[in-house]
Amino acid sequence: MRHLAILLAGALAAMPAQAQTGSPGEAQALELLKRGIAFRTVAGPGNQTFDYATWLKAQLVAGGFSDADVRVEKLGDTAYLVARYRGTGKAKPILISGHMDVVEAKPADWERDPFTPVVENGYLFGRGSSDNKFDVSTFVASLIQLKREGFKPGRDVILLLSGDEETNMKTTAALAEQYHDAELLLNIDGGGGDMDEAGKPVMFGVQGAEKTYADFELSVTSAGGHSSAPRKPNAIYQLAAALQKIEAYEFPGQVNEITKASWLATATRTPDAKLADAMRRFAANPEDLEARATLRADPGYVGQTGTTCVATMANAGHATNALPQRATANINCRIFPGTPIADVQAKLAALVADPAVKTTKVESGSVPSDASPLRPELIKVIAKAVHARFPDVPVVPVMSAGATDSMWFRGRGVPSYGVSPLFMKSTDSFAHGLNERIPVGEIAPAVTFYKRVITELAK
Ligand SMILES: [Zn+2]
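- The chain is annotated in an unreviewed UniProt entry as M20/M25/M40 family metallo-hydrolase of Sphingomonas gei.

Focus on the side chain of aspartate 101
Alright, step 1. The topology assignment puts aspartate 101 in the loop between strand 3 (94-99) and strand 4 (118-120).
Alright, step 2. Although buried, aspartate 101 forms no salt bridge, and the nearest oppositely charged side chain, lysine 133, lies 8.6 Å from it.
Alright, step 3. Residue contacts for aspartate 101: discarding those within four places in its chain leaves Thr41, Asp131, Ser162, Gly163, Asp164, Glu165, Glu166 and Thr167.

Considering the packing of aromatic side chains
For any pair of aromatic rings, the description rests on two quantities: the centre-to-centre distance and the angle between the ring planes.
Alright, step 1. Enumeration over the complete set of coordinates arrives at 13 aromatic pairs.
Alright, step 2. For the pair tryptophan 263 and phenylalanine 282, a centre-to-centre distance of 5.7 Å together with 75 degrees between the ring planes defines the contact as edge-to-face. Taken together, the residues tryptophan 263 in helix 6 (residues 257-268) and phenylalanine 282 in helix 7 (residues 273-284) connect sequence positions 19 residues apart.
Alright, step 3. With relative accessibility at 0%, the residue tryptophan 263 sits in the buried group.
Alright, step 4. The exposure class of phenylalanine 282 is buried, given its relative accessible area of 0%.
Alright, step 5. Lying across the ring of phenylalanine 50, lysine 74 places its NZ or CZ 4.4 Å from the centre.
Alright, step 6. Note that lysine 133 overlies the ring of tyrosine 52, its terminal NZ or CZ placed 4.9 Å from the centroid.

Focus: the state of the cysteines
Alright, step 1. Going through the model one piece at a time under the given rule, you end up with one disulfide.
Alright, step 2. Here cysteine 309 engages in a disulfide with cysteine 333; their sulfurs sit 2.1 Å apart. Disulfide cysteine 309-cysteine 333: the torsion about the S-S bond is 115 degrees, which places it as right-handed. Of this pair, cysteine 309 sits in strand 12 (residues 308-316) while cysteine 333 sits in strand 14 (residues 326-335); the two residues are 24 residues apart in sequence, bridging distant segments of the chain.

Description of helix 8 (residues 289-296)
Alright, step 1. Listing the buried residues of helix 8 in full gives Ala291, Arg292, Thr294, Leu295 and Arg296.
Alright, step 2. Packed against the buried residues of helix 8 are helix 6 and helix 7.
Alright, step 3. Where helix 8 starts, the residue carrying a side-chain oxygen 3.2 Å from the main-chain nitrogen of glutamate 290 turns out to be aspartate 288.

Some details on the UniProt feature "domain: Peptidase M20 dimerisation" (unreviewed entry) in the chain
Alright, step 1. According to UniProt, the "domain: Peptidase M20 dimerisation" (unreviewed entry) feature falls on residues 209-359.
Alright, step 2. Each end of residues 209-359 is marked by a C-alpha atom, and these two atoms are 27 Å apart; helix forms 38% of the span and strand 25%.

Section: the packing of helix 5 (residues 235-248) against helix 9 (residues 341-352)
Alright, step 1. Contact pair helix 5 / helix 9: the axes reach a minimum separation of 8 Å and the direction vectors enclose 120 degrees. Between helix 5 and helix 9, the interaxial angle falls into the category oblique. When the axes of helix 5 and helix 9 are compared, the crossing they make is right-handed. Note on element contacts: helix 9 touches helix 5 through Leu348, Leu351 and Val352, opposite Ala242, Lys245 and Ile246.
Alright, step 2. For the contact of helix 5 with helix 9, the residue count by class is five nonpolar, no polar and one charged.

Overview of the environment of arginine 112
Alright, step 1. Relative to the helices and strands, arginine 112 is located in the loop between strand 3 and strand 4.
Alright, step 2. Exposure remark for arginine 112: the relative accessible area of 18% places this residue in the buried category.

What counts, and where the lines are drawn
Residues numbered from 1 in each chain as written. Predicted model: local features only at pLDDT ≥ 70, side-chain atom pairs only at ≥ 80, totals over all residues. Heavy atoms only, no water. Helix = DSSP H or I, 4+ residues; strand = E, 2+ residues; numbered from the N terminus. Buried < 20%, exposed > 50% of the residue type's maximum accessible area, 1.4 Å probe, protein only. Lys, Arg positive; Asp, Glu negative; His and termini not counted. Salt bridge = Lys/Arg side-chain N within 4 Å of Asp/Glu carboxyl O. Contact = heavy atoms within 4.5 Å. Phe/Tyr/Trp six-rings, centres within 6.5 Å; stacked < 30°, edge-to-face > 60°. Lys NZ or Arg CZ within 6 Å of the ring centre and 35° of its normal. Disulfide = S-S within 2.5 Å. Polar contact = N/O pair within 3.5 Å; in protein donor to acceptor, adjacent residues only side chain to side chain. UniProt positions renumbered as here; feature names shortened; annotations may be inferred. Axes fitted to C-alpha atoms, helices over the stretch in contact; angles between N-to-C directions. Parallel < 35°, antiparallel > 145°, perpendicular 65-115°, else oblique. Left-handed = near helix turned anticlockwise from the far one by under 90°. Nonpolar A, V, L, I, M, F, W, Y, C, P; charged D, E, K, R; others polar.

Right under this line is the structure:
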């Protein structure tokens, strides 16, 4: 999943795209990506993630890693990979996480076969070309380049590739359990650059927080009976009353270091003066109700202002001529980092305030995780690597609304930052969708970016 948290609108400083001179790892990264797309690493029967991991291991070993330093483990129908680039051990390791699995793709729906890589008009098409095999391939190529160049880090750099990020995250949970004594984690499946439709870079987001996903079921039962003889209570009316109370409630405005920095950076690029002012005021005081209301009226910003809960499904009754015996609704919540899931459940129950309406948490596999601290020295390293390609592009900490592998590491106390170097226009972003593609020209700068960042952080 790639997420940029805040939608950016508005007039942007014109900036020429830099010509790319390429990097030594480019050809290998392209080859790794094309070969990688051909592995059908989709959950379920025929899942080739273990084969892909085994093949990646062979490339790393051929590129100078010792056999013992690259480990592939099977887990269920998938697998994970751990590659350790050994350092002198003078400091705690740096972890890198990405994922080898992809979202299902039905060949009949695609213009080209999703598992046959095709280069056309400067784009490489294929399932996983962006999410997440682009980053896996460019990162592996940069590690191999660093080995070739004889780079000796002061700390271990440990690449952790999960095999079910798009589904259950069991491999991620297993990896986080084994690898959490680390300085920090860079997630190559988060953050990233935005380009406008003219191909001008707009911003680079470092994902430092993500909201916690939770579903709650509201359910009411009543005795039922013949609809010709209505009686109280009626489960549908009870549920409807409960839903209206939830709709009417506003969760408090919240900010953290990450979203505060995001608001202030976004305000400087927002041409609508009223909106920009609301961002600044909200960043300074999330209890500013007027600022909060302005931001919450915009679907592009509401998710950044605090916890949100919304009704997404409802189901009730069993016949047109019968009183309902049961009514249920799903409430989907996106919880602000640091707020316990149980607090949100208790809040929903308190709002409903009807013992007949039960509020139950539906298992989602999501674990709560606090925002990672804003680390100025890390942002500096990332900004330097971004600016080597696009000087002056703002590097902005962001919170994403969806979950990535980082959730499991943050949950274990490892500060985690999404830093994928891929710059894309929103119209080129087809991750999870049809005809997923990446501009081939992004490969060389990504290899250069990863080499710079690793060399700097692990020196
Ligand atoms: Zn992903």
